[in-house]
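# Structure assessment
Letter by letter, the chains look like this.
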Amino acid sequence: MNKKLVIIGSGPSGLVCAMTAVKNGISASNILVLEREGELGGTLNQCIHNGFLKNLTGTELASNLIKAVKKLGVECRTESCVLSLSADRVLTVISPSQGYQKIKADAVIIATGCREQSRGVLSIGGTRPAGVLSAGAAQRYINIEGYMPGKKTVVIGSTDIAFIVSRRLAIEGAKVITVVEPKSAPLSDKKNIKDCLRPFNIPFQLNHNVTKIYGKERIEAVDICQLDKKGKPIKKTKQKIECDSLVYSCGYTPDVDIAIEAGMRIKRDTKGPFTKRNYETTIPGVFVTGNAHYIHKNIDKILKESVVTAESVAKFLQKANQPKKEKKNEDNAHIDRKNQE
Amino acid sequence: MAIKSYDVVIIGAGITGTMTAFQIAKYNLKVAVLEAGIDVASGSTRANSAIVHAGYDAKEGTLKALLNVKGCEMMEGITSQLGVHYKKCGSLVIGFNARDLEELKKLKARGEINGVKGLRILSRSELLKMEPNVSRDAKHALYAPSAGIVCPYDLAYAVAENSATNGTDYYFEFKVDKIDYDGKAYTIYAGEEKVKAKYVVNAAGCYADEIAKMIDDDLPFEIIPRRGEYMLLDKSEGKVAKHTIFVTPNEKGKGILVSPTVDGNIIVGPNANIVDSKADTSVTEDGLDEIAKGARIIMPGINLNAVITTFAGVRPTPTSGDFYIRESEKCKNFIHAAGIESPGLASAPAVSEYIVDILKNCGLSMRKRKNYIETRTINGNCKLFYEMTERERKEAIKNDPKYAKMICRCEMVTEGDIINAINRPIKAKTIDMVKRRTRAGMGRCQGAHCRTKVAEIIARELGIDISEVKKFSSNSNLLLGKTK
Ligand SMILES: Cc1cc2nc3c(=O)[nH]c(=O)nc-3n(C[C@H](O)[C@H](O)[C@H](O)COP(=O)(O)OP(=O)(O)OC[C@H]3O[C@@H](n4cnc5c(N)ncnc54)[C@H](O)[C@@H]3O)c2cc1C
Ligand SMILES: Cc1cc2nc3c(=O)[nH]c(=O)nc-3n(C[C@H](O)[C@H](O)[C@H](O)COP(=O)(O)OP(=O)(O)OC[C@H]3O[C@@H](n4cnc5c(N)ncnc54)[C@H](O)[C@@H]3O)c2cc1C
């Protein structure tokens, strides 16, 4: 199969790219959106809290975007996982309904989002029982599956999602014993502490970390220590705290395994693909946007970037259509400032 | 209900027990394996360095030396028969000074007496050519081309599944607590449950001494639990070492190593600390510091920020220093396979043959099984999606569209793989059982993304509620009830 534009991922960035591409003259029938999960919308689907754009919940924003894209007539396939991408833009795709497929695209946008890191918790000593989980997983259990991952929880981390999940647990009747952050300042806005933690009297401790996990089968307790200036635990501050779950949030990295396997150059600092000013990666005709590009501070920035990405994809396709005048690559060394926030 | 009665009962489903079951399954006998844990490889076999040692470490003339060299030679055949990942990557013992060089020469001489082939002392430049990331201070290395790496639990699953396919019964959560002998047959109890056996193999790892006591036997040595901790690095670091790299051994043992794993990660560890409990597989901050230090001696630039998981295993270290594999002096037809510490994994193929020979000598008559099945299951060795070629993938999806549904994106595990693991001869009933059979949740996000989906599939296949799905054992529920 041949398509003009294939967009990998149907999160907000993928969907906005699809809409913008149509607006910029790429016919909807020439665009295909591929989504690995059973539903469109990406991570937004598990965000039932307010604060997206003006004052939408994540799920509302997702459903607005999905409606808009469908209305334009863009084909969006769910349960379709891209296994690989070649340098000449042939995608290998599997899906239960379509089987094993190769799709050739004139342009590709990688909008695969990001995934949680688990690194920070790994240097914690102790056992490896059930009940230790990432904030994203906790959010999915509660909001999508409707199950409680714990009822007496300690939270590590001070990202947005660490706070939002703490609040969600508290709303569902769990006791969030404390939220600890090893660093000396929170990663998320102070406003989130006010909105998420204070109303539920959840303590927040900077310069503190979990240093040991207890429990053979299900987690039973953790040690919490204050850290000195070098980040080493101060032993005499150690406190053993009983809990039945430990939720951690150690940040995110771009989910770009496909890009790495395709041989794309990856930036050391952002861990996302290296891009030119027009968001094109080191593989001609392959673009990247949203959290797959680098971890953005908030959704507004993602949506803005995706509009610009899709516009430059449209330009790229126009150029490619004009015979002879082959794509003239822009200066490689010049990286967009915005990329680095 | 009548008590089930067997020709041979094996206590312990570690690599020693399962490999023995695999060897005996070739014969027309009724066999059972009794395991205290919920799964195969619940003890030392689950968490070790996974090295198929060449055989230069063990003192010449010991049973260990004999069985290690032979086991290492047999490994290629068994792993290719059962489709287990194995790689003959070779090992390097590096030395930093003249004293180390003396030690390396001694190891080489010992290895040659033991029958290890191809041993060679490398110069610094040869070493750096083979392993450019190794410490610049290294001056020499002992190279053993016959050493390799294998996935220890997958090897145990493979031989266990093959034996189950050939009629061996597996009993899990069967913790043997009493053994009676009436002079003819043994009755083996786990609480209320019991089975009978004419012959018994004690392959209980760290607990082999306790099993021996149940027949009033006393092993002529003590089993000391010595824990080894590990860090596992992301596949992004997978190419920093091509061989298993040790430092020159000292009185504490082989020391900390850096090695590739068959799945493309890097394993770093172990230390060796005596612990109070044989079940203490916890990791400690100090321990992780210790192995980090050890790893940096071998490879100063190693990126330990890329650790994706840490774990620990407990060695059943015998005070005698050698494997102890023989018929009990107290009771006939009761064979101990005790003190099987490192290189128990590498030696397992030879250990199990040795056990079979003892059984024969005890009078067990062994006739070849007719319809012996060579593979893991009647349907072959069941490749996982990520192991398949493009043609095999197309075929698998055509036969079952569930192979086109991605569940674990880090390790490319599909729903088809997971359903297959749940329904294989030894069923995967928990999140961890599925994880070790399919690698779902073993990648860089450590299941953050797929654990719920795996839980859903298990719940559906076993016909239980998702809140009843366990991580690994009876009380390790993943979730605690519904939301409001
Ligand atoms: C840190 C470490 C590193 C190692 N590195 C290597 C290496 O690189 N290469 C190598 O060759 N070897 C290595 N080894 C050694 C190797 O792992 C062991 O020799 C091997 O796994 C022992 O297998 P086993 O079956 O005898 O024991 P185990 O795997 O411990 O199996 C014994 C089984 O018996 C069960 N059991 C115990 N009591 C009872 C009971 N009462 N009733 C029923 N079941 C019971 C246990 O649950 C367990 O599953 C290492 C070991 C450790 C711990
Ligand atoms: C060669 C090799 C390669 C590996 N590669 C990877 C990899 O790529 N990715 C990865 O994620 N991991 C990898 N691992 C690690 C592996 O997944 C496990 O972490 C390791 O085998 C230890 O198992 P565990 O931590 O799951 O379980 P354990 O630590 O053995 O068990 C978890 C907890 O359960 C308790 N427990 C176990 N059994 C019972 C029981 N029956 N009753 C009560 N409590 C029990 C233990 O005490 C412990 O607290 C690798 C391991 C090896 C040896």
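Everything discussed here concerns the structure shown above.
The rules behind each value
- Residues numbered from 1 in each chain as written.
- Chains lettered and ligands numbered in written order.
- Predicted model: local features only at pLDDT ≥ 70, side-chain atom pairs only at ≥ 80, totals over all residues.
- Heavy atoms only, no water.
- Disulfide = S-S within 2.5 Å.
- Near = heavy atom within 4 Å.
- Polar contact = N/O pair within 3.5 Å; in protein donor to acceptor, adjacent residues only side chain to side chain.
- Areas by Shrake-Rupley, 256 points an atom, 1.4 Å probe, with all protein chains shown as cover.
- Helix = DSSP H or I, 4+ residues; strand = E, 2+ residues; numbered from the N terminus.
- Nonpolar A, V, L, I, M, F, W, Y, C, P; charged D, E, K, R; others polar.
- Contact = heavy atoms within 4.5 Å.
- Buried area = accessible area lost by both parts, 1.4 Å probe.
- Salt bridge = Lys/Arg side-chain N within 4 Å of Asp/Glu carboxyl O.
- Pairing = 2+ DSSP bridges.
- Buried < 20%, exposed > 50% of the residue type's maximum accessible area, 1.4 Å probe, protein only.
- Axes fitted to C-alpha atoms, helices over the stretch in contact; angles between N-to-C directions.
- Left-handed = near helix turned anticlockwise from the far one by under 90°.
- Arc of directions from axis to C-beta.

### Notes on the state of the cysteines
Within the structure shown, the criterion is met by zero disulfides over all chains. Cys-196 of chain A takes part in no disulfide bond, and the closest cysteine sulfur to it belongs to Cys-47 of chain A, at a distance of 12 Å. Cys-72 of chain B forms no disulfide, and the closest cysteine sulfur to it belongs to Cys-89 of chain B, at a distance of 10 Å.

### Description of the site of ligand 2
Close contacts around ligand 2 come from 22 residues, with Arg-128 of chain A together with Arg-46, Arg-439, Met-442 and Gln-446 of chain B the closest. Residues near ligand 2 are shared among chains A and B, making this a multi-chain site. In this structure, Lys-216 of chain A approaches ligand 2 through a side-chain N or O atom, which is 3.0 Å from an oxygen atom. The separation between an oxygen atom of ligand 2 and a polar side-chain atom of Asn-265 of chain B is 3.2 Å. Contact with the protein chains removes 90% of the 940 Å² of surface that ligand 2 exposes when unbound. At three residues, helix 11 (residues 431-438) of chain B tops the list of elements feeding residues into the shell around ligand 2. Its residues placed into classes, the shell around ligand 2 shows seven nonpolar, seven polar and eight charged.

### As for the interface of chain B and chain A
Residue-level contacts link 54 residues of chain B with 51 residues of chain A. Buried surface at the junction of chain B and chain A, summed over both partners, amounts to about 4,400 Å²; 52% is from carbon and sulfur atoms. Together, Arg-409, Leu-480 and Thr-483 of chain B form the three largest contributors to the area buried by chain B at its contact with chain A, with a combined 15%. In this structure, the connection of chain B to chain A is made through five salt bridges. Taking the shortest distance from any N to any O, the salt bridge between Arg-409 of chain B and Asp-255 of chain A comes out at 2.6 Å. Where chain B meets chain A, there are 13 residue pairs in polar contact (both at pLDDT 80 or more). Contributing elements (two or more residues each) for the side of chain B that touches chain A: helix 7 (285-298), strand 18 (307-318), helix 9 (390-399) and helix 12 (451-462) of chain B. It is strand 18 of chain B that contributes the most residues to the side of chain B that touches chain A, six residues altogether. Looking at the side of chain B that touches chain A residue by residue, the classes come out as 22 nonpolar, 17 polar and 15 charged.

### Quick word on the sheet that holds strand 17 (residues 239-242) of chain A
All names here are of chain A. Within the open sheet, the four strands sit side by side as 10-15-16-17. Their pairing is mixed. At either margin of the open sheet sits one strand with a lone partner, and together these are strand 10 (125-126) and strand 17. As paired elements, strand 15 (residues 208-214) and strand 16 (residues 221-226) share six bridges and run antiparallel to each other. The partner of Val-210 across the bridge, within strand 16, is Ile-224.

### Structural notes on the environment of Gly-228 of chain B
Residue and element names in this part refer to chain B. Here Gly-228 shows up in strand 13 (residues 223-233). Residue Gly-228 is classed as buried on the basis of its relative accessible area of 3%. Between the C-alpha atoms of Gly-228 and Ser-135, which are 93 residues apart in sequence, the distance is 23 Å. In this structure Gly-228 touches Pro-270, Asn-271, Phe-311, Ala-312, Gly-313 and Arg-315, once residues within four positions along its chain are discounted.

### Points about the packing of helix 3 (residues 135-145) of chain A against helix 4 (residues 160-171) of chain A
Residue and element names in this part refer to chain A. With their axes 10 Å apart at the nearest point, helix 3 and helix 4 run at an angle of 35 degrees to one another. In this structure, the crossing between helix 3 and helix 4 has a hand that is left-handed. Facing Ala-135, Gly-136, Ala-138, Gln-139, Ile-142 and Asn-143 of helix 3, the residues of helix 4 in contact are Ile-161, Ile-164, Val-165, Arg-168 and Leu-169.

### Quick notes on helix 5 (residues 190-197) of chain A
The periodicity of an α-helix, 3.6 residues per turn, causes residues three or four positions apart to be oriented the same way. Residues and elements named next belong to chain A. Along helix 5, the residues classified as buried are Asn-192, Ile-193, Cys-196 and Leu-197. End-on view of helix 5: buried residues confined to an arc of 105 degrees, all on one side of the axis. Pointing more than 90 degrees away from the buried face of helix 5 are the exposed residues Lys-190, Lys-191 and Lys-194. Here the buried face of helix 5 lies against helix 4, strand 13 (175-181) and strand 14 (204-206).

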